[in-house]
Amino acid sequence: MEHLQKALTVLFATLLLLAPLLMATDPDPLQDFCVADLSGNLSVNGYPCKPASSASDEFLFSSRATRGGDPMANPNGSNVTELDVNEWPGLNTLGVSMNRVDFAPGGTNPPHIHPRATEIGVVLRGELLLGIIGSLDFGNRYYSKVVRAGETFVIPRGLMHFQFNVGKEAATIVVSFNSQNPGIVFVPLTLFGSSPPIPTPVLVKALRVDAGVVELLKSKFTGGY
């Protein structure tokens, strides 16, 4: 019993000594702003800061999302205008970013995942079928709704989702993320356009299709989107 008490005393003392170290890390910004020096190396909480004297008021503002790109420039019929830290260095260490997505009629933002962020958005124009697929331990449930101009939506971090323009006119959404670099994993591109490619027998077994089907799908995604 005495040995147990001594051991607990040592453990308690060790925890007390470690507590300041464990609580010393602070992921939040420690200055008003930290405009990213994109030539520096990316660390856990972002890029190194440019000297404050070289950061003008422009780091607070961006006009990049005032116009979207051509949604017909790729087979999906959609275009994503990104506003993450790489496109807007003023977001560095702030933990936020946003995108504008434009859709042609019938265009889609294919099934994808943001591994590092929750997404919240608003429809500016048009009408879109928005689908979200839950995780396996929640039954792979499919949630969906047609959202229209002025309506909002939220997509929990890490869940697969898509948008599809079901209207007869062009559609546009603006979304924001609670990460300066939310990341994106396009499901079709990941499976059939990885580099180097996933071995065909693995996909044959996983998807329960013939090798010819897998090879055909791989040929569609060579070179990305």
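All values reported here derive from a predicted model rather than from experimental measurement.

## Some thoughts on the overall build of the protein chain
Then, number 1: Scanning the protein chain from terminus to terminus reveals 4 helices and 10 strands.
Then, number 2: Helices and strands appear in the protein chain in the N-to-C order α-β-β-β-β-β-β-β-β-β-β-α-α-α.
Then, number 3: Expressed as a percentage of the 225 residues in the protein chain, the buried residues total 32%.
Then, number 4: Look at the contacts in the protein chain between residues 6 or more apart in sequence, and 68% of them connect residues 24 or more apart.

## Focus: the nonpolar core
Then, number 1: Residues Phe 103, Leu 128, Phe 153 and Ile 173 are the most contacted members of the largest nonpolar core, which totals 15 residues.
Then, number 2: Mapped by element, the contributors of at least two residues to this core are strand E2 (97-103), strand E5 (127-133), strand E7 (152-155) and strand E9 (171-177).
Then, number 3: Top element by residues in this core is E9. It accounts for 4 residues.
Then, number 4: Those residues in contact with Phe 153 that lie beyond four places of it in its chain are Glu 119, Ile 120, Gly 121, Val 122, Val 123, Leu 130, Ile 173 and Val 175.

## Brief notes about the UniProt feature "binding site: Mn(2+)" (unreviewed entry) in the protein chain
Then, number 1: The UniProt record marks His 112, His 114, Glu 119 and His 161 with the feature "binding site: Mn(2+)" (unreviewed entry), using the residue numbering of this structure. Over a stretch of 50 residues, the named residues converge on one spot in the fold, their C-alpha atoms separated by at most 12.1 Å.
Then, number 2: In this structure His 112 comes out as buried when scored by relative accessible area, which is 1%.
Then, number 3: At a separation of 2.6 Å, a polar atom in the side chain of His 112 contacts the main-chain carbonyl oxygen of Pro 110.
Then, number 4: Mapped onto the elements, Glu 119 comes out in strand E4 (residues 119-125).
Then, number 5: Take Glu 119: its relative accessible area is 3%, and that puts it in the buried class.
Then, number 6: Those residues in contact with Glu 119 that lie beyond four places of it in its chain are His 114, Phe 153, Val 154, Ile 155, His 161, Gln 163, Val 175, Ser 176 and Phe 177.

## Regarding the sheet that holds E2
Then, number 1: Strand order in the open sheet formed by 5 strands is E1-E2-E9-E4-E7, and the pairing between neighbours is antiparallel. Looking at which strands have only one partner, the edges of the open sheet turn out to be strand E1 (78-83) and E7. Ignoring strand direction, the axes of neighbouring strands in this sheet form an average angle of 20°.
Then, number 2: Looking at chain direction, E2 and E9 are connected through 7 bridges and run antiparallel. For Arg 100, the partnering residue across the bridge sits in E9 and is Val 174.

Calculation notes
Residues numbered from 1 in each chain as written. Predicted model: local features only at pLDDT ≥ 70, side-chain atom pairs only at ≥ 80, totals over all residues. Heavy atoms only, no water. Helix = DSSP H or I, 4+ residues; strand = E, 2+ residues; numbered from the N terminus. Buried < 20%, exposed > 50% of the residue type's maximum accessible area, 1.4 Å probe, protein only. Contact = heavy atoms within 4.5 Å. Core = buried A, V, L, I, M, F, W, Y, C linked by side-chain atoms within 4.5 Å. UniProt positions renumbered as here; feature names shortened; annotations may be inferred. Polar contact = N/O pair within 3.5 Å; in protein donor to acceptor, adjacent residues only side chain to side chain. Pairing = 2+ DSSP bridges. Axes fitted to C-alpha atoms, helices over the stretch in contact; angles between N-to-C directions.

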